[in-house]
Amino acid sequence: MSVELGRAALAFARFGLGPHPGDLSRNEDGLELLRHELKAGTVATPVGADLITTPAILSLVQAEFQSRRLARGTKPNGAVNATGKPDEMGSPMVGDSPSSPRSPTRGDTAAGLPKDAETVRPVAQRLYRAEVSSRLAIAREVSIGFVERLVWFWANHFTVSAAKGPRLRATTGAFEREAIRPHVLGRFSDMLLAAELHPAMLIYLDNVASVGPNSPAGARKGKGLNENLGREILELHTLGVGSGYTQDDVTNLARILTGWTIAREANAAELPGSTVYHPAAHEPGALTLLGKSYPDAGPEQVHMALLDLARLIHEGSGSVVASVA
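Conventions used here
- Residues numbered from 1 in each chain as written.
- Predicted model: local features only at pLDDT ≥ 70, side-chain atom pairs only at ≥ 80, totals over all residues.
- Heavy atoms only, no water.
- Helix = DSSP H or I, 4+ residues; strand = E, 2+ residues; numbered from the N terminus.
- Areas by Shrake-Rupley, 256 points an atom, 1.4 Å probe, with all protein chains shown as cover.
- Axes fitted to C-alpha atoms, helices over the stretch in contact; angles between N-to-C directions.
- Parallel < 35°, antiparallel > 145°, perpendicular 65-115°, else oblique.
- Left-handed = near helix turned anticlockwise from the far one by under 90°.
- Contact = heavy atoms within 4.5 Å.
- Nonpolar A, V, L, I, M, F, W, Y, C, P; charged D, E, K, R; others polar.
- Core = buried A, V, L, I, M, F, W, Y, C linked by side-chain atoms within 4.5 Å.
- Buried < 20%, exposed > 50% of the residue type's maximum accessible area, 1.4 Å probe, protein only.
- Phe/Tyr/Trp six-rings, centres within 6.5 Å; stacked < 30°, edge-to-face > 60°.
- 1 Å grid on protein atoms, 1.4 Å probe; cavity = no way out; pocket = protein on both sides within 12 Å on 5 of 7 lines; lining within 4 Å.
- Points joined across faces, edges and corners; volume = space filled by probe spheres on them.
- Expected span 1.5 Å × (residues − 1).
- Bend = angle between axes of the 7 residues up to and from the residue.
- Salt bridge = Lys/Arg side-chain N within 4 Å of Asp/Glu carboxyl O.

Q: Talk me through the overall build of the chain; I want residue IDs and the actual numbers.
A: When helices and strands are tallied, the chain shows 13 helices and four strands. Approximately 15,200 Å² of the chain is accessible, and the part contributed by carbon and sulfur atoms is 56%.

Here is the structure:
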């Protein structure tokens, strides 16, 4: 293999998604193609009739779920959301696991889902397949694929699992489209905010069920704190294990995140299924994270905390982001 051909193969394979048939035989300068892709600064946008917004997706999944249950003559469950009010949109659905994908048990279908989960499979499965098809189409069409490879890297870094119930199976692709792609060539802080407060992430790490113990909703309903999202942010999304944060930091970040949930269908201010902040479910008072006190400033409290975590990553090289990048 000539030096020029080796450089081209390196550009395609190490920095992109591999050469298309005939790419190497055309003797194109792979490095120049790579430079051109970077200078263009364009992130491919998946397209398709079923590639809709997260609120629209969650509304479809929920409507189908409710329709099937009503057809069987059963009533929706009486779960409450982080506001302490009945909420079908923010509550777990049949097939949704409270913390991780469930293990198959007797009576499960061949697909590994409970029989009741079949009631929400058509919409979720159709949307999931549409997202996968569009993603693969982009991978086939890009010349080098460096930017697309970055999209895959960050989507994996801020991962949400399609295996955890129909709502996530339907919204995993939208999470990548809405929280990752718009920021992949921008600032990490913007991507961090978009990813952590996206409805799919709030569902995946159970923040929709997290209520400040001393908040009005917590006192009224006896609901408690869920630390999943706070721990994941510190351990996997930003600083990493061994970086110096403590269990108190995990707990306080979880408290800072309380109140962030999914809009109810009766909420006129936000689209049902979109991210919303409920002050009645937020842990009151100033909270300390990594030695810094964050005042009780409503939704700005979490913004300030996440922006500071992003700043710490830029200032140091010991974060989990630096170790995997």
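What follows continues from the structure just given.
Q: Now, about the packing of helix 7 (residues 188–196) against helix 12 (residues 300–315): what can you tell me, with residues and values included?
A: Two numbers describe how helix 7 lies on helix 12: the axes approach to 9 Å, and their chain directions differ by 135°. Taken together, the axis directions place helix 7 and helix 12 in an arrangement best described as oblique. As helix 7 runs across helix 12, the sense of the crossing is right-handed. Within the contact between the two elements, helix 7 uses Phe-188, Ser-189, Leu-192, Leu-193 and Glu-196 and helix 12 uses His-303, Leu-306, Leu-307, Ala-310, Ile-313 and His-314. Looking at side-chain class alone, the contact of helix 7 with helix 12 contains seven nonpolar, three polar and one charged residues.

Q: Quick rundown of the nonpolar core? Include the residues and the values.
A: Note on soluble globular proteins: their nonpolar side chains tend to be buried together. One finds Phe-158, Phe-175, Met-201, Leu-253 and Ile-256 to be the most contacted residues of the largest nonpolar core, which totals 46 residues. Sort the elements by how many residues they give to this core and helix 12 lands first, with six residues. Residues contacting Met-201, with those up to four places away along its chain left out, are Phe-158, Thr-159, Val-160, Phe-175, Ala-195, Glu-196, Leu-229 and His-237. If you look at the next biggest cluster of nonpolar residues, it comprises seven residues, including Val-123, Leu-127, Ala-170 and Ala-174.

Q: For the environment of Ala-137, give the residues involved together with the corresponding values.
A: Within the fold, Ala-137 resides in helix 4 (residues 121–141). With relative accessibility at 18%, the residue Ala-137 sits in the buried group.

Q: An account of the packing of aromatic side chains is needed here, citing residue identities and associated values.
A: Overall, the coordinates contain six aromatic pairs when judged by the stated rule. Ring geometry for Trp-154 and Phe-158: centres 6.2 Å apart, planes at 25°, overall stacked. Note on Trp-154: relative accessible area 13%, which makes it buried. Residue Phe-158 is classed as buried on the basis of its relative accessible area, which comes to 0%.

Q: For the layout of surface pockets, give the residues involved together with the corresponding values.
A: Space inside the largest pocket adds up to approximately 330 Å³. If you trace the largest pocket, you find 17 residues lining it, with Arg-135, Ala-155, Thr-172, Gly-173 and Glu-176 closest to the centre. Of all the secondary-structure elements, those providing two or more residues to the lining of the largest pocket are helix 4, helix 5 (146–157) and helix 6 (166–180). Tallied by class, the residues present in the lining of the largest pocket amount to eight nonpolar, four polar and five charged.

Q: Got a sec to walk through helix 6? Specific residues and values, please.
A: Given 3.6 residues per helical turn, the α-helix brings residues three or four places apart onto the same face. Over its 15 residues, helix 6 runs 21 Å from end to end, which matches the ideal 21 Å to within 8%, given 1.5 Å per residue. At Thr-172, helix 6 is bent by approximately 40°, the largest bend along its length. Most of helix 6 is tucked away: 14 of the 15 residues are buried.

Q: So what's going on with the environment of Arg-7? Residues and values would help.
A: Among the structural elements, Arg-7 can be located in helix 1 (residues 3–14). Taking the relative accessible area as the measure of exposure, Arg-7 reaches 41% and is therefore partly exposed. Sequence separation of Arg-7 and Leu-31 is 24 residues, and the distance between their C-alpha atoms is 7.1 Å.

Q: A description of the side chain of Thr-172 should follow, citing residues and the corresponding values.
A: With respect to the element layout, Thr-172 can be found in helix 6. Taking the relative accessible area as the measure of exposure, Thr-172 reaches 18% and is therefore buried. Not counting residues up to four positions away in its chain, the partners in contact with Thr-172 are Val-160, Ser-161 and Ala-162.

Q: Give a detailed account of the pattern of salt bridges, specifying residues and quantitative values.
A: In total, this model carries 13 salt bridges according to the counting rule given. Here Asp-50 ties to Arg-126 by a salt bridge, and the two come within 3.3 Å at their closest N and O atoms. Placement of the pair is Asp-50 in the loop between helix 2 (30–40) and helix 3 (54–71) and Arg-126 in helix 4, with a sequence separation of 76 residues. A relative accessible area of 24% places Asp-50 in the partly exposed class. Taking the relative accessible area as the measure of exposure, Arg-126 reaches 40% and is therefore partly exposed. When the shortest N-O distance is used, the salt bridge between Arg-68 and Glu-64 registers 4.0 Å. Note that Arg-68 and Glu-64 are positioned in helix 3 at a spacing of four residues, about one turn of the helix. Taken together, the shared-partner salt bridges in this structure form one network comprising Arg-135, Glu-148, Glu-176 and Arg-181.

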